[in-house]
Amino acid sequence: MMDGAADLDGRVIEVQAEALACVDLGALEELRLRWLGKKGEITGLLKSLGALPAEERARRGAAINALRDSATAAWESRKGELERKAEDAALDAGWIDVTAPSGARPAGRLHPITLLLEEVIDHFTGLGFEVATGPEIEDEFHNFDALNIPKDHPARDVWDTFYTDRREIPRTHTSSVQIRAMQTRKPPIRVISPGRVFRNETIDATHHASFNQVEGLLVDRHVTIAHLKHTLETLVAKLMGRKVETRFRPAFYPFVEPGLDLDVQCVFCAGVGCSICKGSGWIELIPGGLVHPKVLDACGLDPDQWQGFAFGMGFDRMVMMRYGIDDIRRLYDGRLQLVRQF
Ligand code: PHE
């Protein structure tokens, strides 16, 4: 009769070699089931014990237990190794090569106000205008006095002015730059002046306390309303990308005489009447007029020799029409979404 345990020594070596040969945790689990599982080798060996004589059964039983312990130890130790390997591999996968070229990134876009402003500047510089700027915090002289809006005159109320503690004015319109342009240049003068203006307005879909205007000023000899009309009509056609119906209405601004408003036919309803044009079919777009003689005078220009036209468009409304943006707040809240492009 063979020694009841000799064959089992070979099996210890066998299970240890198999465990080492497992290259991943899946293979190791198969090994565990094959050797240590309920239907595995070792369970089979234990079951066969019953057929043995009692004395041999004890010896062989002890040897099978030793095999089971060796198999368990081999499995555990290989499991530890493979788990560490898996962790290392995960770390490797997450390793950042700081010298590698970066992948494609979503590109930012220019703000619609900037985009349209570039077009407007391009248009006017092509006509010989230059861009002039002025401070956003103005004094009363440039924002009001020189524009023929005397102190305590009710016209000042029109602009819902903010005042600082030192009675400085966050400018209510870019018309203040007209004054600065006439003070610092000699006619003929052709300037446009884009910039932010500030008014104490309740903010809603069509009003904001801070918005953009683009001012235009031309001073020369024999300037008439016809020049202004042509300038504004070509501007609007250019901005809208097509000819749109326009009309002029008389309007009052203290710094122009005569004053007018240019309306364009509503692009949202083609003049039929909708909520955006408040049923009128027209959108009030650009106020303007001929520079008031008193304004020329305040800037040291002789009104008998020089005339001028001026306009000051609310630029945000232009941008909204052009890009189909129906709420002015969208221009400033950083979650801009273009809806429609005309
Ligand atoms: N500054 C005026 C406003 O803000 C607009 C305007 C500018 C009107 C130039 C006439 C001439 O309302």
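This structure is a prediction, so every number in the text was calculated from the model and none was measured.

Trainee: So what's going on with the overall build of the chain? Which residues, and what values?
Mentor: Secondary structure summary: the chain contains 10 helices and nine strands in total. Computed over the C-alpha atoms, the radius of gyration of the chain is 43 Å, more than 25% above the 20 Å expected from 2.2 N^0.38 for a compact globule of 342 residues. Dimensions along the principal axes, computed over C-alpha positions, put the chain at roughly 135 × 45 × 40 Å. The proportion of buried residues among the 342 residues of the chain is 42%. Partitioning the contacts of the chain with sequence separation of at least 6, the portion at a separation of at least 24 is 64%.

Trainee: Which residues make up the pattern of salt bridges, and what values go with them?
Mentor: When the charged atoms of two side chains lie near each other, side chains of opposite charge can form a pair. Counted under the stated rule, the structure contains 20 salt bridges. The residue Asp 261 makes a salt bridge to Arg 249 at a minimum N-O spacing of 3.8 Å. Of this pair, Asp 261 sits in strand β7 (residues 256-265) while Arg 249 sits in strand β6 (residues 246-250), and the two are 12 residues apart along the sequence. Because the salt bridges share partners, they merge into one network encompassing Arg 247, Arg 249, Asp 261, Asp 263 and Glu 284.

Trainee: Tell me about the packing of aromatic side chains, residues and numbers included.
Mentor: A complete count under the given rule lists six aromatic pairs for this structure. Between Phe 124 and Phe 129, the ring centres sit 5.0 Å apart and the planes meet at 70 degrees, which makes this aromatic pair edge-to-face. Note on Phe 124: relative accessible area 0%, which makes it buried. Following the ring pairs from residue to residue traces out a cluster consisting of Phe 124, Phe 129, Phe 309 and Phe 311. Positioned above the aromatic ring of Trp 75, the side-chain terminus of Arg 32 is 6.0 Å from the ring centre. A cation over a ring is seen here: Arg 322 above Tyr 323, with NZ or CZ 5.8 Å from the ring centre.

Trainee: Can you break down the site of the ligand residue by residue, with the values?
Mentor: In the neighbourhood of the ligand, 15 residues make up the surrounding shell, with His 173, Ser 175, Arg 199, Gln 213 and Gly 312 lying closest. With respect to the ligand, the side chain of Trp 159 contributes an N or O atom lying 3.5 Å from an oxygen atom. Protein coverage of the free-state accessible area of the ligand, which is 320 Å², stands at 95%. Counting only elements with at least two residues in the shell around the ligand, the list comes to α7 (175-184), β5 (210-220), β8 (282-291) and β9 (307-314). At three residues, β9 tops the list of elements feeding residues into the shell around the ligand.

Trainee: Can you lay out the layout of surface pockets for me, pointing to particular residues and giving the numbers?
Mentor: The volume enclosed by the largest pocket comes to roughly 1,200 Å³. Along the wall of the largest pocket there are 50 residues; nearest its centre are Thr 206, Glu 284, Leu 285, Gly 314 and Arg 317. Of all the secondary-structure elements, those providing two or more residues to the lining of the largest pocket are α7, β5, β6, β7, β8, β9 and α10 (315-323). Sorting elements by how many residues they give to the lining of the largest pocket places β8 first, with seven residues.

Trainee: I'd like a description of the sheet that holds β8, backed by residues and values.
Mentor: For sheets, the rule is that strands pair by backbone hydrogen bonds, running either parallel or antiparallel. Strand order in the open sheet formed by seven strands is β1-β4-β5-β9-β8-β7-β6, with mixed pairing between adjacent strands. Only two strands of the sheet have a single partner each, and these edge strands are β1 (130-131) and β6. Against the sheet, helix α5 (residues 112-126) makes contact with β1, β4 (189-198), β5 and β9, and its axis sits at roughly 165 degrees relative to β4, the strand it touches most.

Trainee: Let's hear about the environment of Glu 76: which residues, and what values?
Mentor: Inspection of the secondary structure assignment puts Glu 76 in helix α4 (residues 54-93). By relative accessible area, which is 49% here, Glu 76 ends up partly exposed.

Trainee: Lay out the side chain of His 173 in plain terms, naming residues and giving numbers.
Mentor: Looking at where His 173 falls in the secondary structure, it is placed in the loop between β3 (169-170) and α7. Within the structure, the side chain of His 173 is placed 3.0 Å from the backbone oxygen of Asn 143, a separation counted as a polar contact. Each residue touching His 173, except ones within four places of it in the same chain, is listed here: Asn 143, Leu 147, Ile 149, Trp 159, Val 197, Arg 199, Gln 213 and Phe 255.

Trainee: An account of the nonpolar core is needed here, citing residue identities and associated values.
Mentor: Ranked by size, the top nonpolar core spans 41 residues in total, and within it Ile 286 and Phe 315 carry the most contacts. Looking at this core, the elements with two or more residues in it are α5, β5, α8 (225-240), β7, β8, β9 and α10. Not counting the four nearest positions on each side in its chain, Ile 286 is found in contact with Leu 232, Leu 235, Val 236, Leu 260, Asp 261, Leu 262, Phe 311, Gly 312, Met 313 and Met 318. Formed by 26 residues, the second largest nonpolar core is a distinct cluster that contains Leu 147, Met 182, Phe 255 and Leu 301.

Trainee: Run through the environment of Val 264, naming residues and quoting values.
Mentor: On the secondary structure map, Val 264 appears in strand β7. Along the chain, Val 264 and Val 214 lie 50 residues apart, while their C-alpha atoms are 17 Å from each other. Residue contacts for Val 264: discarding those within four places in its chain leaves Val 236, Glu 245, Thr 246, Gly 281, Trp 282, Ile 283, Leu 285 and Met 321.

Trainee: How would you summarise the state of the cysteines if you had to cite specific residues and measurements?
Mentor: Applying the stated criterion across every chain yields a total of zero disulfides. Of the cysteine sulfurs around Cys 266, a residue in no disulfide, the closest is that of Cys 269, at 3.6 Å. Judged by relative accessible area, Cys 266 falls into the buried class, the value being 1%.

Trainee: Tell me what's going on with α8, and back it up with residues and numbers.
Mentor: Working note: α-helix, 3.6 residues per turn, so residues spaced by three or four point in the same direction. Here α8 spans 22 Å end to end across 16 residues, near enough to the 22 Å set by a 1.5 Å rise per residue. Of all the residues in α8, the buried ones are Leu 228, Thr 231, Leu 232, Leu 235, Val 236, Leu 239 and Met 240. Taken end-on, α8 shows its buried residues confined to a sector of 145 degrees, consistent with a single buried face. Considering only its buried residues, α8 is in contact with α5, β6, β7, β8, β9 and α10. Downstream of α8 by one or two residues, Gly 241 has phi in the positive range, about 75 degrees.

The rules behind these values
- Residues numbered from 1 in each chain as written.
- Predicted model: local features only at pLDDT ≥ 70, side-chain atom pairs only at ≥ 80, totals over all residues.
- Heavy atoms only, no water.
- Helix = DSSP H or I, 4+ residues; strand = E, 2+ residues; numbered from the N terminus.
- Rg over C-alpha atoms; globule rule 2.2 N^0.38 Å.
- Buried < 20%, exposed > 50% of the residue type's maximum accessible area, 1.4 Å probe, protein only.
- Contact = heavy atoms within 4.5 Å.
- Salt bridge = Lys/Arg side-chain N within 4 Å of Asp/Glu carboxyl O.
- Phe/Tyr/Trp six-rings, centres within 6.5 Å; stacked < 30°, edge-to-face > 60°.
- Lys NZ or Arg CZ within 6 Å of the ring centre and 35° of its normal.
- Near = heavy atom within 4 Å.
- Polar contact = N/O pair within 3.5 Å; in protein donor to acceptor, adjacent residues only side chain to side chain.
- Areas by Shrake-Rupley, 256 points an atom, 1.4 Å probe, with all protein chains shown as cover.
- 1 Å grid on protein atoms, 1.4 Å probe; cavity = no way out; pocket = protein on both sides within 12 Å on 5 of 7 lines; lining within 4 Å.
- Points joined across faces, edges and corners; volume = space filled by probe spheres on them.
- Pairing = 2+ DSSP bridges.
- Axes fitted to C-alpha atoms, helices over the stretch in contact; angles between N-to-C directions.
- Core = buried A, V, L, I, M, F, W, Y, C linked by side-chain atoms within 4.5 Å.
- Disulfide = S-S within 2.5 Å.
- Expected span 1.5 Å × (residues − 1).
- Arc of directions from axis to C-beta.

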